[in-house]
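Read off the chains here:
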Amino acid sequence: MMRLNARLASLALAAGLTAAAALPAAADGAGNAPLYGFLGAHGEAERALEQRVDGAIDGADLDGWLRHLTAAPNHIGSAHNKANADFIAAQLRQFGWDVRIETFRVLVAYPDRQRFELLGAKPYAADFTEPAVEGDPDSAAKGVLPGMEAYSPDGEASAPLIYVNQGLSADYDELARQGLDAKGKIVLVRSSGAGRWVKPRLAEKHGAVGIVIFSDPIEDGYSKGDVYPKGAWRTPRTIQRGTLGIDDTLDAKAGARIQASRKLPGLSIPVATIGYGDAEVFLRALGGPQVPARWQGGLPFAYHIGGGAEARARLAVHSQWQWQTLYDVIATLRGSEQPDQWVLRGVHHDAWVLGAWDPLAGTTALLAEAKALGELYRQGVKPKRSLVFASWDGEELGILGSRAWADKHAEELRRKAVLYLNNDTTSRGYLSAAGNPALTRLVDGVAADIRDPETGASVGERLRARRAVVAAEKNAPAPAADPPLTPLGTGSDFVAFADHLGVPSLHLRYGYDRDGDEESVPVYHSLYDSYSHYQRFGDPGLKYIAALAKTDARLVLRAANADLLPWDYAAQAASLGKAIDALAAHNRSLGEKAKRRNALLDAHAYALAAVSWRGQGEPARLAADVPAIDLSALRTALRRLAASAAAYDEAYAKQAATDSPGAASLRRTNAALRAVEPSLLGEGLPGRPWYRHLLQAPSLQEGYDVATLPAIGDAIDQHRWDDARAAVARTAQAVDAAAAQLDAATVALRVP
């Protein structure tokens, strides 16, 4: 999994799950509420079908599949990654699915030589390998990739070493206030705070000649608990691999140019990654000022910035830039009534090493769902709409396999795709979901019907209790009832469907985070993400993989079998309203921050308030000309969307009560509902035209995964005021178009 920010995980599945100071007796439970989108007795039949799926999920299958899939390294180009694709395809065929493997060529750059060493009187060289650990036979695997950043430019540099915290823009600003800079230096930064593809480009922008990224123990080492194998957490020698890759590596001509230059466009400096055991040696060698408080990590000494002659280092990276093959496994169960409408569900099968947590637990769930659904299909129980299951390749190198397949089949997907459901990592813990806000009611309904393996309550009840407890412990107000799902940005294989094609999409998992909440793989992208580690710490007994399979199966079946697509555009309107308010507040804050800082600079307040021994200078002035962008057209469009959603809900309630719509009415209504989300696409975002969704996109702000209203927000952040105003108009037009499609659905539903 390309790292999903914790903001994405924590939004999750709050949908419809009210947190209150005292929890009433739960209304959750199978059969207690009508299924949204199902008319008459169809909801009862659907729940009965889902119970049959539950009964077909076998724990012995799960264990056998996970053992097999994690038996050897699964990186792109490895023999076992190809063998896994063949195995998954063979299993799906055995289950009765129509299966094909589609292949794509991709340029891959893994280092064959890399060195990071401390020069001088006490030389030291980092070790890019991870040793086997006692009690985990999987950790003795052969053919393991070294710790690395794939697609690092080839290059070598000898220079002073400087520590710049997480390597974000704010850190370089802080560095400048210390009277220091990264020019001509090798930068050492922590892996947290933003995607790894951001850090090297920022380092080069600030004049660095190389960058080394390390995992600090304060994030996922002994600061969190006992390290592996005694506990789950990262050891000093555990290395977090990653990619700097871009989509151009899929294109033959662009890839050939990259291969010839041995570097990616816009990046020229070598990049490496190390564990915190090696990082400690380099950090201890640094002199210079002590770091600001927020830069201090978890190693047992005071961090210093360095940058002087006391610590020089050499960094060298050389890679084999070679073409490899991606293997996407695509399996279909043809729908009985509407075969040209597709409900898609995917998870990738490639991994950095063995990949039990990330992603093969999710792949195991897919196999369990596919087996159960295939058995029903053979018995003549067929979904109304077609199911298309995908086991993607190339996600770890930059979400490449799903992107290539979606681009190849884009026109067909525009005509046929109804829903895309994505998994990636999963483990024991809370249900966590992100996705199109219109899918809130669908997810909420499923959450009410799935039993939590640890507590026996519904997963909805458990999440409701957690949210209430967290709010109480923080002495915060109880969370609002029924918050919509947060839109998707980046991080996994949903990107092409959600952000480019406008297919309603979900990303779903179970898990706790590092502090016991939603998201963490404690040995993320390392050798120790193994079957042994996962069975001990991820999901002992694999009960949550089974729960994920049951959850996924319900979601795809309800989308496939619903009389009326169970989309809730009142939730979409509520989400959009919050996004508009947040954007307006952000716009105001930029101007207020600039005025306040500049006034303090004019009054010499920073100089007067400075702590002399820190040697901290004044911050830079900020551009003060920040106009308030008029969002009134967008708010008007929002009101129309909200009114259209209310009208549709009223029409739906009447029809659900009478079970009266005819087949033609249902067909027209569903066609209009399917047209709502694509109406929110534009021609492409400025500077990144492949991303077309005007309400959601990967964020350009460091530390965030999703940007809502991205065309407007990007322009405001870049002080392109005319572009921001134009983006408001385009976005308002798109929201109006979506409301018009929803109005068409309402009319179709009212007319027999």
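It should be emphasised that the depicted structure is a prediction, and the values quoted were computed from it without experimental measurement.

### Thoughts on the pairing of strand β14 (residues 505-511)
Logical step 1: Most of β14 is tucked away: seven of the seven residues are buried.
Logical step 2: Of the two faces of β14, the one lined by Ser 505, His 507, Arg 509 and Gly 511 and the one lined by Leu 506, Leu 508 and Tyr 510 are each fully buried.
Logical step 3: Relative to β14, strand β12 (residues 417-422) runs parallel, the two being bridged by three bridges. Its bridge partner being in β14, Leu 421 is matched across the sheet by Leu 506.
Logical step 4: Pairing between strand β13 (residues 430-435) and β14: six bridges, direction antiparallel. Among the inter-strand pairings, Ala 433 is bridged to a residue of β14, identified as Leu 508.

### What to know about the packing of aromatic side chains
Logical step 1: In total, this model carries 20 aromatic pairs according to the counting rule given.
Logical step 2: Centre to centre, the rings of Trp 690 and Tyr 691 are 5.0 Å apart; their planes meet at 90°, and the pair counts as edge-to-face.
Logical step 3: Accessibility expressed as a relative area gives 16% for Trp 690, which makes it buried.
Logical step 4: Clustering of aromatic rings is evident, with ring pairs tying together Tyr 163, Phe 214, Trp 295, Phe 301 and Tyr 303.
Logical step 5: Residue placement shows Arg 345 over the ring face of Phe 389; its charged tip is 6.0 Å from the ring centre.

### Here we look at empty space enclosed by the protein
Logical step 1: Per the stated rule, a full pass over the model turns up six cavities of 30 Å³ or more.
Logical step 2: By volume, the largest cavity amounts to about 80 Å³.
Logical step 3: Lining the largest cavity are 13 residues, with Pro 487, Gln 572, Ser 575, Leu 576 and Leu 695 positioned closest to its centre.
Logical step 4: The element that contributes the greatest number of residues to the lining of the largest cavity is helix α18 (residues 569-602), accounting for four residues.
Logical step 5: Within the lining of the largest cavity, the residues separate by chemical class into six nonpolar, six polar and one charged.
Logical step 6: Lining the second largest cavity are Leu 49, Leu 333, Leu 373, Leu 376, Val 381, Lys 382, Pro 383, Leu 387, Leu 557 and Asn 561.
Logical step 7: When grouped by side-chain class, the residues that make up the lining of the second largest cavity number eight nonpolar, one polar and one charged.

### Remarks on the environment of Ala 559
Logical step 1: Turning to its location among the elements, Ala 559 is positioned in helix α17 (residues 543-561).
Logical step 2: Since its relative accessible area comes to 0%, Ala 559 is described here as buried.
Logical step 3: On a C-alpha basis, the gap between Ala 559 and Arg 385 in space is 8.2 Å, while along the polypeptide they are 174 residues apart.
Logical step 4: Not counting the four nearest positions on each side in its chain, Ala 559 is found in contact with Val 343, Arg 385, Leu 419, Leu 565 and Trp 567.

### Some remarks on the packing of helix α2 (residues 42-55) against helix α10 (residues 356-378)
Logical step 1: Taken N-terminus to C-terminus, the directions of α2 and α10 make an angle of 120°; their axes are 8 Å apart at the nearest point. When the axis of α2 is compared with that of α10, the two are oblique. Between α2 and α10 lies a crossing of right-handed hand. Of α10, the residues touching α2 (which contributes Leu 49, Arg 52 and Val 53) are Ala 372, Leu 373 and Leu 376.
Logical step 2: Of the residues that constitute the contact of α2 with α10, the class distribution is five nonpolar, no polar and one charged.

### With respect to the confidence of the model for the protein
Detail in the predicted coordinates should be disregarded across regions flagged by low pLDDT.
Logical step 1: Averaged over all residues, the pLDDT of the protein is 92; the fraction at 70 or higher stands at 94%.
Logical step 2: In this model, residues 4-31 is a region of pLDDT below 50 whose contacts with residues beyond four sequence positions or in other chains number 84 contacts.
Logical step 3: Overall, residues 514-519 carries pLDDT values under 50, and its contacts beyond four positions in sequence, including any with other chains, amount to 31 contacts.

### Points about the pattern of salt bridges
Logical step 1: All chains considered together, the criterion is met by 40 salt bridges.
Logical step 2: Measuring nitrogen to oxygen at the nearest pair gives 2.8 Å for the salt bridge that ties Arg 47 to Asp 449. You can see Arg 47 sitting in helix α2 and its partner Asp 449 sitting in helix α13 (residues 440-449), a full 402 residues away along the chain.
Logical step 3: Owing to a relative accessible area of 6%, Asp 449 belongs among the buried residues under this scheme.
Logical step 4: A salt bridge links Arg 234 to Asp 220, with the nearest nitrogen and oxygen atoms 3.2 Å apart. Residue Arg 234 is found in the loop between α7 (217-220) and β7 (242-243), and its partner Asp 220 is found in helix α7; the two are separated by 14 residues along the sequence.

### Remarks on the nonpolar core
Generally speaking, nonpolar side chains in soluble globular proteins are found buried as a group.
Logical step 1: Formed by 217 residues in total, the largest nonpolar core has its most connected members in Leu 92, Trp 97, Phe 116 and Tyr 151.
Logical step 2: Counting residues per element, this core draws most heavily on α10, which supplies 13 residues.
Logical step 3: Discounting residues that sit within four places of it in the chain, Tyr 151 has contacts with Val 106, Leu 107, Val 108, Ala 109, Thr 243, Leu 244, Gly 245, Thr 249, Leu 264, Trp 321, Leu 397 and Leu 400.

### Points about unusual backbone geometry
Logical step 1: Following Tyr 228, the chain continues into Pro 229 via a peptide bond in cis, with omega recorded as 15°.
Logical step 2: Among the secondary structure elements, Pro 229 is positioned in the loop between α7 and β7.
Logical step 3: Here the residue pair Asp 358 and Pro 359 is connected by a cis peptide bond, since its omega of 10° sits within 30 degrees of zero.
Logical step 4: Mapped onto the fold, Pro 359 is located in helix α10.
Logical step 5: Notably, Ile 399 is not glycine yet its phi reads approximately 55°, a positive angle.
Logical step 6: Relative to the elements of secondary structure, Ile 399 occurs in the loop between β11 (385-392) and α11 (400-408).
Logical step 7: One non-glycine residue with positive phi stands out, namely Leu 542, at about 60°.

Definitions and cut-offs
Residues numbered from 1 in each chain as written. Predicted model: local features only at pLDDT ≥ 70, side-chain atom pairs only at ≥ 80, totals over all residues. Heavy atoms only, no water. Buried < 20%, exposed > 50% of the residue type's maximum accessible area, 1.4 Å probe, protein only. Helix = DSSP H or I, 4+ residues; strand = E, 2+ residues; numbered from the N terminus. Pairing = 2+ DSSP bridges. Phe/Tyr/Trp six-rings, centres within 6.5 Å; stacked < 30°, edge-to-face > 60°. Lys NZ or Arg CZ within 6 Å of the ring centre and 35° of its normal. 1 Å grid on protein atoms, 1.4 Å probe; cavity = no way out; pocket = protein on both sides within 12 Å on 5 of 7 lines; lining within 4 Å. Points joined across faces, edges and corners; volume = space filled by probe spheres on them. Nonpolar A, V, L, I, M, F, W, Y, C, P; charged D, E, K, R; others polar. Contact = heavy atoms within 4.5 Å. Axes fitted to C-alpha atoms, helices over the stretch in contact; angles between N-to-C directions. Parallel < 35°, antiparallel > 145°, perpendicular 65-115°, else oblique. Left-handed = near helix turned anticlockwise from the far one by under 90°. pLDDT = per-residue confidence, 0-100. Salt bridge = Lys/Arg side-chain N within 4 Å of Asp/Glu carboxyl O. Core = buried A, V, L, I, M, F, W, Y, C linked by side-chain atoms within 4.5 Å.

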